[in-house]
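Summary of structural features
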Amino acid sequence: MNTAGHSEATARRGLELTPFRGLRYDPDRVGSLAAVTSPPYDVVVRPDGVHHLQSADPHNIVRLILPQAGTPSARNEQAADTLRRWLDQGILTADPVPGLYVYEQRDGGGMLQRGVIGALRVSEPTEGVVLPHEDVMAPVVADRAALMRATRANLEPLLLTYRGDGTAAEVVERTAEKPPLLATTTEDGFQHRLWSVTDPADVTRIQSDLAHQQALIADGHHRWATYLRLRAEHPSPSAWDHGLVLLVDTARYPLRVRAIHRLLHGLPVADALAAVHGLFRVRHLDAPLPEALAALADASCAGNAFLLAGDGAFHLLDRPDPDLLARTIPAGRPAAWRSLDATVLHSTLLEHVWHIPEDSPAHIAYIHDTAATVAKAERNGGTAVLMHPVREDVVRDLARLGVTMPRKSTSFGPKPASGLVLRALEI
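Residues numbered from 1 in each chain as written. Predicted model: local features only at pLDDT ≥ 70, side-chain atom pairs only at ≥ 80, totals over all residues. Heavy atoms only, no water.

1. Overview of the packing of aromatic side chains
To describe a pair of aromatic rings, you give the distance between the ring centres and the angle between the ring planes. All chains considered together, the criterion is met by four aromatic pairs. Aromatic pair Tyr25 and Trp86: ring centres 6.1 Å apart, planes at 50°, arrangement tilted. Taken together, the positions of Tyr25 in strand β2 (residues 23–25) and Trp86 in helix α5 (residues 72–89) put the pair 61 residues apart, joining distant regions of the chain. The pair formed by Tyr25 and Trp86 is uniform in burial state, with each residue classed as buried. (Phe/Tyr/Trp six-rings, centres within 6.5 Å; stacked < 30°, edge-to-face > 60°. Helix = DSSP H or I, 4+ residues; strand = E, 2+ residues; numbered from the N terminus. Buried < 20%, exposed > 50% of the residue type's maximum accessible area, 1.4 Å probe, protein only.)

2. Examining the environment of Ala176
Tracing the chain through its elements places Ala176 in the loop between α7 (167–175) and β9 (182–185). On the basis of relative accessibility, which here comes to 8%, the residue Ala176 falls in the buried class. Along the sequence, Ala176 and Glu104 sit 72 residues apart, while their C-alpha atoms lie 8.0 Å from each other. Residues contacting Ala176, with those up to four places away along its chain left out, are Glu104, Arg114, Arg193 and Trp195. (Contact = heavy atoms within 4.5 Å.)

3. A short note on the nonpolar core
In terms of nonpolar packing, the biggest core is built from 114 residues, with Tyr25, Ile117, Leu160, Trp224, Leu247, Phe306 and Trp354 touching the most fellow members. When residues in this core are grouped by element, the largest group, six residues, is from helix α14 (residues 341–353). Leaving out residues up to four positions away in the same chain, Trp224 has contacts with Leu120, Arg121, Val122, Ser123, Val130, Leu158, Ile217 and Val245. Counting 16 residues, the second largest nonpolar core, distinct from the first, contains Ala292, Leu307, Phe314 and Ala365. (Core = buried A, V, L, I, M, F, W, Y, C linked by side-chain atoms within 4.5 Å.)

4. What about the pattern of salt bridges?
For the coordinates displayed, the defined rule picks out 22 salt bridges. For Asp202, the salt bridge is made with Arg174, and the minimal N-O distance between the two is 3.2 Å. With Asp202 in helix α8 (residues 200–210) and Arg174 in helix α7, this residue pair connects regions lying 28 residues apart in the sequence. We classify Arg174 as partly exposed; its relative accessible area is 35%. (Salt bridge = Lys/Arg side-chain N within 4 Å of Asp/Glu carboxyl O.)

5. Considerations on the pairing of strand β14 (residues 261–264)
Alternating positions in β14 separate into two faces, His261 and Leu263 on one and Arg262 and Leu264 on the other, with burial throughout. Across four bridges, the pairing between β14 and strand β18 (residues 364–367) is antiparallel. Among the inter-strand pairings, Leu263 is bridged to a residue of β18, identified as Ala365. Note: β14 against strand β19 (residues 383–386), three bridges, orientation antiparallel. Note on β19: the bridge partner recorded for Leu263 is Ala384. (Pairing = 2+ DSSP bridges.)

In structure tokens, the structure reads:
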């Protein structure tokens, strides 16, 4: 796919954002708004995180996005029953009129992010309107699709970025000067505020600006793939033609890019190191985690580098054997893709050196929190593979070329909190 094709598609039909009647918690019916929120489903560290969130409030959104039952069908049925019960009881209520939503996140360190939540027309990557940059795992898409079918709802927005700085941004800034619909501070220290945009003129200003824009999926590739699958299952026009998203203008609010780490179950660090002997340079680091990560960052400036942990120490892998890379990295892809750490990890280390299937939850877990990855590896006798984040410009350039990165290559943030606004397809 070439960039000219992308440009033509974008000029022909850009982002189409539609107002909807958001489902929101009634603050008088729950302990606190903060107590019913959750990180996105794939960031929650299971099972510890699920148990913690469930105990925070009996109505925590995790009971919908990560229902706990013996079988997949039972889990999805449980989520659907829970959603219906909360609607009947008034725990969740629909806003009276359709609108778009301005969403703000702020932390104690001066980070401020604002964006617009709405129902976005679902489009294929070939249209060049919404660009994926990572591959997805079919079992995860199937799992999310089954949950959405059962609940008939988009339970949490995925995160898209675009570069505009136009009239949509002006509406966002003006709206944020008004009293919000809700304001809460979650236990991670982030402050969240939400406003509705219902004025037809302001809605039109946002829609007209976005109609010329192209977006990058920053977080939520599996949910976007789920939207595509569900749209294909339902004759158009239908509510499945749209999916819940948060659009952030990174010309005004640059996102943070962090790595997603790997936890290799059943592979002790000693075995992992023995397998790479002679293929990578290996250095033992007798240092705490922050210093080890600094060493990883330094090594990444010169080429591919990884940090292994799980035996109470850190081991820096860098300077891979060029012949090994030539044998194991697929040819015919852009040099920027072939040199990615995630490419080397998946094509070289996981597939050829450690022989670990990347899509098997029994063998590998993908964890965003660095310290949690190390702790779990030490507790379970596995190997933590810590990654250095890739730059956002590299991600965007590859996406515009139509080249997807290995799955779970990046973690953009801050991610929208789940539980602040939901979209029911039949309301």
